[in-house]
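# Analysis of the macromolecular model
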Amino acid sequence: MSEAAVIKSPSTEGRFGHAMLKVEGLRRYFDVSAPWLNRVIGRQPRQILKAVDGIDFEIARGETFGLVGESGCGKSTVARLIVGLHGPTDGSITLEGRNIAGLTRRQMAPMRRRLQMIFQDPYASLNPRWRVRDIIAEPIRAFDLVSGDQAIATRVGELLTFVGLNPLDGEKFPHEFSGGQRQRISIARALASEPEFLVCDEPTSALDVSVQAQILNLMKDLQRELGLTYLFISHNLAVVYHISDRVGVMYLGKLVEVAPSKTLFTTPRHPYTRMLLDTIPDLDMTGRERMPVAGEVPNPITPPPGCSFHPRCPFANDRCRVEAPKALPVSGGATVACHGVEEGRVPSGPILAPPPKPDGVASVHG
Ligand code: SF4
């Protein structure tokens, strides 16, 4: 396994205990080649998309780990690998000491109760032909958590109340609710199996800003009350900052920086992290110098050699063009994969004030 650009997450020290989830050397490649006959006739080579290319991180019980990056960086593939919707090409995913990577559906069944996912589009993830009470009761029945129709109905009512809906809403169908209410139903369904770990893949991106804040605050309240652990995936940096304890930044299938949220947002090290942060509006009009957003994300099927960020990086030199950087620990509990940071060529922060709070979101950082 190449060590290039693999970040060992500095992790779970501080107010959190031992690692609940540990991801090591995780890779997922997709064969996106044209059909065999077309390839032979057109003399085309096989094409392999390295969606996730050797990432390491860990998440402690009760912690929220945010994963950010531009569209196509592989963050949603990480989510799907963790809940078993994809099998990995290589690497391990350890949940409380047990490797769950590549388990069959049957082997995964007992783990699935503990590990649930909340999707971006709540409408697509809810069966439109089922009443809400049946949608929420399904995992309760599947995992045999409560027996008897009356007890199940009571539990469904409790879950609806828990997420801010009325128990009578159980009689309705998903199309009778707004987007925010549907996401509440998705959360109630995820909680129905009494999970310990929630993978949240862009859970608020399809919602209006004011509704986003309500859902984020609900998720944080639930985490406090139920001791949940979150992997929170989003392209919205301000949201990630306010909900996460630590953040990992992904670029073309690799983690380029992992740091506690405050450190990452006030003292970003990796040029890509700085580029992403510079897209957040400077509402205080501080006039701070911004790093220009340069170029497009390269084709992930043919990523650039060396550091895959080098075509867009203003600090790139000859070494960057041939040698992939290794992850190195830096101050503030962060880890960065960048030759420029290692050589002291990239100026370090602080360059930013933390991002403004999205309307109505209570920050974990006070
Ligand atoms: Fe990559 Fe070099 Fe830029 Fe660091 S300085 S991000 S290694 S191109």
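Refer to the structure presented above.
A few points on the structure. Everything numeric in this text was worked out from a predicted model, so none of it was measured.

The rules behind the values
Residues numbered from 1 in each chain as written. Predicted model: local features only at pLDDT ≥ 70, side-chain atom pairs only at ≥ 80, totals over all residues. Axes fitted to C-alpha atoms, helices over the stretch in contact; angles between N-to-C directions. Helix = DSSP H or I, 4+ residues; strand = E, 2+ residues; numbered from the N terminus. Parallel < 35°, antiparallel > 145°, perpendicular 65-115°, else oblique. Left-handed = near helix turned anticlockwise from the far one by under 90°. Contact = placed C-beta atoms within 7 Å. Nonpolar A, V, L, I, M, F, W, Y, C, P; charged D, E, K, R; others polar. Pairing = 2+ DSSP bridges. Buried ≥ 20, exposed ≤ 12 C-beta atoms within 10 Å, placed from the backbone.

What follows deals with the packing of helix α4 (residues 132–142) against helix α5 (residues 149–162). At their nearest, the axes of α4 and α5 sit 10 Å apart, and the two run at 115° to each other. Compared by their axis directions, α4 and α5 come out roughly perpendicular. Our pair here, α4 against α5, has a crossing hand that is right-handed. Across the interface between the two elements, Arg133, Ile136, Ala137, Ile140 and Arg141 from α4 touch Ile152, Ala153, Arg155, Val156 and Leu159 from α5. Counted by class, the contact of α4 with α5 contains seven nonpolar, no polar and three charged residues.

Read from one edge of the open sheet, four strands run β2-β1-β4-β5, paired in antiparallel fashion. Single-partner strands in this sheet number two, and they are β2 (48–60) and β5 (98–99). As paired strands, strand β4 (residues 90–95) and β5 are joined by two bridges and run antiparallel to one another. Counterpart to Thr94 in the pairing with β5 is Asn99. Together, β1 (19–31), β2 and β4 form the strand contacts of helix α2 (residues 75–82), whose direction differs from that of β2 by roughly 65°.

A few words now on unusual backbone geometry. The phi torsion at Arg43 lies on the positive side, around 50°, for a residue other than glycine. Here Arg43 shows up in the loop between α1 (36–42) and β2. Overall, the presence of 6 C-beta atoms within 10 Å leaves Arg43 in the exposed class. Although it is not a glycine, Glu96 adopts a positive phi angle of roughly 50°. Positionally, Glu96 belongs in the loop between β4 and β5.

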